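Residue strings, one per chain:
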Amino acid sequence: MKNKHLRNLAIIAHVDHGKTTLVDAMFRQSGLFRANQAVDERIMDNMDLERERGITISAKNCSVMWEDTRINIIDTPGHADFGGEVERALSMADGALLLVDASEGPLPQTRFVLKKTLEAGLGIIVIINKIDRKDARPDAVLDELYDLFIDLGATDAQLDFTCLYAVGRDGIVKKELTDQTDNLHILFDTILSEIAPPAYDPDEPFQMLVSDLGYSDYLGRLAVGRVTNGSVKANDHLVCINRENRPVPLKVTRLQIYQGTALQPVGSARPGDIVILSGIEEVAIGDTICTSDRPKALPRMNVDEPTISMVFTINDSPFSGKEGKYVQSARIRERLAKETLMNVAIRMEDTGNRDRFVVKGRGEFQLAILIETMRREGFEFCVGRPEVIYKHENGHTLEPIENLFIDCGENHLGVVTEKLSVRRGKMIDLVNNGTGRIRMEFSVPARALIGYRDEFLTDTRGTGIMNAGFAGYEPYRGDFPTRYTGSIIADRQGPAVPYALFNMEPRGVLFIPPGQHCYEGMVIGEHNREVDINVNPCKEKKLTNVRASGKDDAVVLSPVKPMNIERAINFIREDELVEITPKSVRLRKALLPAHQRRDRLSRSA
């Protein structure tokens, strides 16, 4: 049977193709807000990091009413590193809205999310967005979409998708490019006609797959998921079947559904409803909540394996504990364990050292977001360089490979190709439309992209666009140099002096401004040569009573680019760490004393 008064829809796309902006327009035109109500833009991006960076990081639920049908909308991230959020969101959906930029066309994340959607057998509505762009090419993008569907093995029914054209920023959707319209009514009507209502078996007991977790100061742990079969009422006695297939008793203290972006308490929920249950403490994403008299587990969701790992350790520098609120290893471990419960794509492993943990994820950007979130919560810790996760099969080493798509000016073709070929990249495709910009596709090892983005932006004068998507595992392609420069390392503790920094500038690029406090082993700059050098940033000018013309001119230093987390973790070598505090991001050596580093170097030689 089907619940005809309900639709569950996931909105999927590559980053910055307009998902969240379109959801804003759907809210306004569905009557969710009053005509004169002041509403912020990008309502669904409610995290500070999302608003600052202009991207969606975590999948979120909301709902709108159209005619007498509730449309549950799941806004998903568009960045490949947050693919676990997409997989989690699709487990609650019966259909998907695929947004594609009318100029950029299908990009790596488009391929990733579309592949997951086709594998789940969901119905798809395609929207070619931003048709008002000067460089829009909607007809060519539609052809590329058909090629992509065929390449991903879509069925005949999935190939027969409905295509709409939109200007999401203005809240306009039309069936044909030549149509004149000023609203989203066609989109709402298409959702009701093309997306199948949720189906259920009336003979089955209540079942719900947990797809998300939340927390309330008043209600405790919250379990979010779609009701697959049966119905549930507040105060029902249920069980949660965990990963070990063990039922854990629970009582539903409150039952809620989404109304717009807010939660509304309800007395009962029907099949297909996306509900929020409170009253359970031990629950994980993928668990099944069902009746105690007929416990029956649903299949757990499959999540792709992580490809990048990083080491998290306590901060043992001389400045430890001065800026952070939580510095103990137990608090760091507890926070990382909580993240693994909330994010299906994050894993944590113990190393045998209670102060050291290995965290695995989809990419360094995902881990950088986790690090930034933790520092804003008051944590202080150190992280190592991101490393790819290898597989070993039949005596061969396999490494993760990425499909890299690059859009840049024609004059930058040579330097980009040269840099990627050194990193064991292979060019797959090159397209020149005669506009002055070219599009290239490379197959590159995932380790080659660690630290390459900043170099790419420098090579293309900030005009290049780079996107990557996971392509699978291939045999190891060989070694290559990761960094051609060394580090400038402070050899003592104290404040940096302008006189000393001025004399270091010919040696490389400095990371610290005058007056910043340093310590022995802290990396304060990038050396022009491959070797590391130890310097004294606290050296002051010798003062005498003899003066000469021009000797007392003011010292003018080059401006220092502030160090952020992504730049820091991409810069460091294997023997270096990034010190993270709520107020600072510092680079340092893993071994701080210079004599210990010399001894290790001599032993390795």
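One can find the structure itself at the top, above this paragraph.
Presented here is an overview of the structure given in this document.

Parameters and conventions
- Residues numbered from 1 in each chain as written.
- Predicted model: local features only at pLDDT ≥ 70, side-chain atom pairs only at ≥ 80, totals over all residues.
- Heavy atoms only, no water.
- 1 Å grid on protein atoms, 1.4 Å probe; cavity = no way out; pocket = protein on both sides within 12 Å on 5 of 7 lines; lining within 4 Å.
- Points joined across faces, edges and corners; volume = space filled by probe spheres on them.
- Nonpolar A, V, L, I, M, F, W, Y, C, P; charged D, E, K, R; others polar.
- Helix = DSSP H or I, 4+ residues; strand = E, 2+ residues; numbered from the N terminus.
- Buried < 20%, exposed > 50% of the residue type's maximum accessible area, 1.4 Å probe, protein only.
- Polar contact = N/O pair within 3.5 Å; in protein donor to acceptor, adjacent residues only side chain to side chain.
- Pairing = 2+ DSSP bridges.
- Salt bridge = Lys/Arg side-chain N within 4 Å of Asp/Glu carboxyl O.

Quick look at empty space enclosed by the protein now. Counting across every chain of the model gives 1 cavity of 30 Å³ or more. Lining the largest cavity we find Arg 385, Arg 423, Arg 447, Ala 448, Ile 450, Phe 480, Pro 481 and Thr 482. Class assignment of the residues belonging to the lining of the largest cavity gives a composition of 4 nonpolar, 1 polar and 3 charged.

Secondary-structure assignment places Lys 174 in strand β7 (residues 172-174). Note on Lys 174: relative accessible area 13%, which makes it buried. Remark: the alpha-carbon pair of Lys 174 and Ile 186, spanning 12 residues in sequence, is separated by 6.6 Å. One polar contact links the side chain of Lys 174 to the main-chain carbonyl oxygen of Asp 179, over a distance of 3.1 Å.

In terms of residue burial, strand β6 (residues 162-167) counts as a mostly covered element, since 5 of its 6 residues are buried. Sheet topology places β6 next to β7; 3 bridges connect them, and they run antiparallel. Within the sheet, the bridge partner assigned to Val 167 lies in β7 and is Ile 172. Turn length for the β6-β7 hairpin, with the two strands adjacent in sequence and antiparallel, is 4 residues, and the turn residue Gly 171 shows positive phi of about 70 degrees.

What follows concerns the environment of Glu 85. Tracing the backbone through its elements, the reader meets Glu 85 in helix α3 (residues 83-90). With 43 residues separating them along the chain, Glu 85 and Ile 128 place their C-alpha atoms 23 Å apart.

This part is about the pattern of salt bridges. Under the defined criterion, the tally for this structure stands at 30 salt bridges. Taking the shortest distance from any N to any O, the salt bridge between Asp 135 and Arg 133 comes out at 3.1 Å. Judged by relative accessible area, which is 31%, Arg 133 ranks as partly exposed. Notably, a salt bridge pairs Glu 349 with Lys 360, separated by 2.8 Å at the nearest N-O pair. Here the residue Glu 349 occupies a position in strand β19 (residues 347-350), and Lys 360 occupies one in strand β20 (residues 356-361), the gap between them amounting to 11 residues. Taking the relative accessible area as the measure of exposure, Glu 349 reaches 38% and is therefore partly exposed. Taken together, the shared-partner salt bridges connect Asp 532, Arg 573, Asp 575, Glu 576 and Lys 589 into one network.

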